[in-house]
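Observations on the three-dimensional arrangement
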Amino acid sequence: MMFVMAAVMEGPLADLSAWKPTECSIAKAMEIVGTRSAILILREAYYGTTRFDGFAARVGITDAAASGQLRRLTEAGLLAKRPYREEGKRTRHEYVLTDMGRDLLPVVLALMQWGDTYLQPGPAPLLLVEESSGAPVRVQVRSEKGREIDLEELGVRLNPDYARARSAK
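Residues numbered from 1 in each chain as written. Predicted model: local features only at pLDDT ≥ 70, side-chain atom pairs only at ≥ 80, totals over all residues. Heavy atoms only, no water.

1. Considerations on the overall build of the protein chain
- Tallying secondary structure elements over the protein chain gives seven helices and four strands in all.
- N-terminal to C-terminal, the α/β element order of the protein chain is β-α-α-α-α-β-β-α-α-β-α.
- Taken against the 2.2 N^0.38 rule, which gives 15 Å for 169 residues, the C-alpha radius of gyration of the protein chain at 20 Å runs more than 25% over that of a compact globule.
- The principal-axis extents of the C-alpha atoms in the protein chain amount to approximately 65 × 50 × 30 Å.
- Intrachain contacts of the protein chain at a sequence separation of at least 6 include 46% that bridge at least 24 residues.
- Roughly 12700 Å² of accessible area belongs to the protein chain as shown, and the carbon and sulfur atoms make up 57% of that amount.
- Side-chain charges of the protein chain comprise 23 positive and 22 negative groups, with the mean position of each set lying 6 Å from the other. (Helix = DSSP H or I, 4+ residues; strand = E, 2+ residues; numbered from the N terminus. Rg over C-alpha atoms; globule rule 2.2 N^0.38 Å. Contact = heavy atoms within 4.5 Å. Areas by Shrake-Rupley, 256 points an atom, 1.4 Å probe, with all protein chains shown as cover. Lys, Arg positive; Asp, Glu negative; His and termini not counted. Charge placed at Lys NZ, Arg CZ, Asp CG, Glu CD.)

2. Some points on the side chain of Thr49
- In this structure, Thr49 sits in the loop between helix 2 (36-47) and helix 3 (52-59).
- Residue class for Thr49 comes out buried when judged on its relative accessible area of 11%.
- Ignoring sequence-local partners within four residues, the contact set of Thr49 consists of Glu44, Gly54, Phe55, Arg58 and Tyr95. (Buried < 20%, exposed > 50% of the residue type's maximum accessible area, 1.4 Å probe, protein only.)

3. As for the pairing of strand 3 (residues 91-97)
- Both strand 2 (residues 79-85) and strand 3 contribute to a ladder of seven bridges, which runs antiparallel. Bridging across to strand 3, Arg82 finds its partner in Glu94.
- Remark: five residues form the turn of the hairpin made by strand 2 and strand 3, two consecutive strands paired antiparallel; Gly88 in that turn has positive phi of roughly 80°. (Pairing = 2+ DSSP bridges.)

4. Observations concerning the pattern of salt bridges
- All chains considered together, the criterion is met by 11 salt bridges.
- Lys28 is the partner of Glu23 in a salt bridge, and the nearest nitrogen-oxygen pair spans 3.1 Å.
- For Arg43, the salt bridge is made with Glu44, and the minimal N-O distance between the two is 2.8 Å.
- Overall, Glu44 belongs to the buried group, its relative accessible area being 1%.
- Through salt bridges with shared partners, a single ionic network connects Arg51, Arg82, Glu86, Lys89 and Glu94. (Salt bridge = Lys/Arg side-chain N within 4 Å of Asp/Glu carboxyl O.)

5. So, the packing of helix 3 against helix 4 (residues 63-76)
- Running from N to C, helix 3 and helix 4 cross one another at 115°; their axes reach a closest spacing of 9 Å. The interaxial crossing formed by helix 3 with helix 4 has right-handed handedness. Contact with helix 3, carried on its side by Phe52, Phe55 and Ala56, involves Asp63, Ala66, Ser67 and Leu70 of helix 4 and no other residues of that element.
- Of the residues that constitute the contact of helix 3 with helix 4, the class distribution is five nonpolar, one polar and one charged. (Axes fitted to C-alpha atoms, helices over the stretch in contact; angles between N-to-C directions. Left-handed = near helix turned anticlockwise from the far one by under 90°. Nonpolar A, V, L, I, M, F, W, Y, C, P; charged D, E, K, R; others polar.)

Honestly, it's all geometry; don't read function into it.
Following this line, the structure appears as structure tokens:
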């Protein structure tokens, strides 16, 4: 087993025992999408599912569980309800991704990529490709300049804008 160094914690964050991860964005995100059914509902939304029955059936959860997760994801702003009406039937709602929901795509694809690498006994069941060219697609951590960043090269520092906003309160 290979052991790897950690991210570079900078400034006041370097002494892990001197600070607590309050206001953690990861913890806040997990409150919304930290369940199997929430992530799988998002997967289905990315695949084009919009109707309640489709989510429940494709994720393999009860109607009550689907209803609860769809409500949570809608209240959190990842999905939006849009009315539709089939001829001769009452108005119902379908669920569509918002910009906030679409922005979570790299996270879900990264989970898929990780599962393909470490949890599948053979080849990955699905391939991620650029639709127009068929070129493989991978989720990676890159700098704004486009360079791939390994964990040991990742610096974590206190955001000065956050610190100013906190001290202004």
